[in-house]
Each structure stands twice: as C-alpha cells, then as structure tokens.
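Take a look at the letters that make up each chain.
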Amino acid sequence: FCLVACGYSASAQGLLQKRVSIEVKNRPLADVLNMISKQGKFYFSYNSNIIRKDSMVSVTVKDRSVKEVLGMLLGENCQYVENDNYIIIQPAEREKWYTISGFIKDGQTGDALADVSVFERQQLASAITGKDGFYKLHLKDRERFRTAEIMVSKGFYMDTAISLIKGYDQEVNLYIVPVTYTLPDLVITQNSG
C-alpha cells in the first residue's frame, strides 16, 4: 500500500526545506527516497555502504520538510549537503576531541604542585592536579574557538594564562611563581587584668 501526495515548494527555498507528504508501509528505503526525490523534483546521491537501500521502512508524514523526513528515516547518523539539484547524504561527522595535559611545578624549586586549578575559559573544562602535579583537559575541537585559553591558579601563586593552538593533543608543562604578600605591622601589648 503506497500513497504519495504532491509536495509544494517555493522556488527560493532550499531542497531540504521543500515540503513533502508521504505514506508508506514496509517499503525498501531506496523506494521511499525515490518517492521523496520525485515529489521534491531533485535527486539524492549517497554511498550504498552508508545507506542500506533494502531496509524496510514505514513512514506517514503530511506537509513536512525533506530534512525532517530524512531525520525520521535515517536518524542522526547522516548529514545532508545541497549541491545544485542534489541532496548528498553523508555520514555525520563525529565531534573531534583533543587533550591538553602536563605537569604544573613551582617556578623557584621545581617541585610538583598538587591541587592546582587548570581551567579552559571558553569551554568551561577544568582539572585539578594530583600529588605529582599532573593535569589533563579533554576539549572539543569546535570551529568557533580559534585557540584554547588556559588559566592556571593556586593560592599564594601568581595566576597564569596561556593561549594554545587548538585541535591536536599536546603536552604543556608549566612553572608557576609564588607570590609574596606583605602584611601590615602587628603590635602586641600586654593587657593588665
């Protein structure tokens, strides 16, 4: 049983925003994609290793965008690129991660420092050093961040900020310098009684 209604579209809208209506029950995915492409007057392009054309699908939608329907059929495992009169179906890009790690040491003695806060300001990622002064930050490789902005702080030490190139694993060892504070004079007097 298959019913396909004609979709409509404005000439200025993208292929993924075109509206389609379709009702199918237990049909091969390749047939359903073909029905959608005929209705939207465009073509699909995909690698058959990514899309299992013989998968049986059922879907009922009325006046929904092509992107919504593809999401129902293919889930979040695919992304879509429009090129001329084609929608290219590709595997979804997984978020890429990278690691910044290293040791924090005292700048005067060279001793490892425990309980140092290491914080990446843009992604709000943080770590605390262990007894050996080791830290590790896991960061997402996001396009909007051109660098990794690292803040290092510990009581009685000077706060330190560094900017690193993002996108690849790197080891960064840092030496932080103690800060000396001068306290006001304190006078002790004997109190009689």
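Residues numbered from 1 in each chain as written. Predicted model: local features only at pLDDT ≥ 70, side-chain atom pairs only at ≥ 80, totals over all residues. Heavy atoms only, no water.

1. Details of the layout of surface pockets
The criterion, for reference: Each cavity reported here is a set of points on a 1 Å grid over the protein atoms alone in which a 1.4 Å probe fits but cannot get out, each pocket an open set with protein on both sides within 12 Å along at least five of seven lines, and each lining residue one with an atom within 4 Å of a point. Grid points are joined across faces, edges and corners, and a volume is the space filled by probe spheres set on the points. Only Asp, Glu, Lys and Arg are considered charged, only Ala, Val, Leu, Ile, Met, Phe, Trp, Tyr, Cys and Pro nonpolar, and every remaining residue, Gly among them, polar.
Of the voids in this model, the largest pocket is the one considered here, and its volume is about 160 Å³. What lines the largest pocket is Glu93, Arg94, Glu95, Lys96, Lys140, Asp141, Arg142 and Glu143. Residues of the lining of the largest pocket, tallied by class, amount to no nonpolar, no polar and 8 charged.

2. With respect to the pairing of strand β6 (residues 86–91)
Both faces of the sheet carry side chains from a regular strand, because those side chains alternate between them. Under the convention used in this document: For two strands to count as paired, DSSP must find a minimum of two bridges between them. Secondary structure elements follow DSSP: runs of H or I of four or more residues count as helices, runs of E of two or more count as strands, with numbering from the N terminus.
Examined bridge by bridge, strand β3 (residues 43–46) and β6 share 4 bridges and lie parallel to one another. Its bridge partner being in β6, Ser45 is matched across the sheet by Ile88. Taken together, strand β5 (residues 78–83) and the strand that follows it, β6, pair antiparallel across an intervening segment of 2 residues, in which Asp84 is found at a positive phi of about 55°.

3. Some points on the pattern of salt bridges
How we decide: We define a salt bridge as a contact between a side-chain nitrogen of Lys or Arg and a carboxyl oxygen of Asp or Glu at a distance within 4 Å. With a 1.4 Å probe rolled over the protein chains alone, any residue whose accessible area is under 20% of its type maximum counts as buried; one over 50% counts as exposed, and the rest are partly exposed.
This model, assessed by the stated rule, comprises 4 salt bridges. With its nearest N and O atoms 3.5 Å apart, the salt bridge here joins Asp63 to Arg19. Of this pair, Asp63 sits in strand β4 (residues 56–65) while Arg19 is found in strand β2 (residues 19–28), placing the two residues 44 residues apart along the sequence. The class of Arg19 is partly exposed, set by a relative accessible area of 28%. Here Lys166 makes a salt bridge to Asp141, at a shortest N to O gap of 2.5 Å. Separated by 25 residues along the polypeptide, Lys166 in the loop between β12 (160–165) and β13 (170–171) and Asp141 in the loop between β10 (134–140) and β11 (147–153) bring together distant segments of the chain.

4. With respect to unusual backbone geometry
Even without being glycine, Asp84 reaches a positive phi, approximately 55°. Along the chain, Asp84 falls in the loop between β5 and β6.

5. Description of the side chain of Lys166
Put simply, the test is: In protein, a polar contact means a hydrogen-donor-capable atom and an acceptor-capable atom, both N or O and within 3.5 Å, with residues adjacent in sequence counting only if both atoms are side-chain atoms; elsewhere, any N or O pair within 3.5 Å suffices.
With relative accessibility at 19%, the residue Lys166 sits in the buried group. Within polar-contact distance, the side chain of Lys166 engages the side chain of Asp141 at 2.5 Å.

6. Quick look at the sheet that holds β5
Inclusion rule: Axes here mean lines fitted to C-alpha atoms, for a helix over just the part in contact, with angles spanning 0 to 180 degrees between N-to-C directions. Contacts are assigned to residue pairs with any non-hydrogen atoms lying within 4.5 Å of each other.
Taken in spatial order, the 3 strands make up an open sheet running β3-β6-β5, and their pairing is mixed. Two strands close off the open sheet at either side, each with one partner strand: β3 and β5. Between one strand and the next, the sheet's axes are offset by a mean angle of 25°, whatever the strand orientation. Helix-sheet contacts for helix α2 (residues 66–74) involve β3, β5 and β6, and the interaxial angle to β5 is about 145°.

Such coordinate-based values are descriptive only and should not be taken to indicate function.
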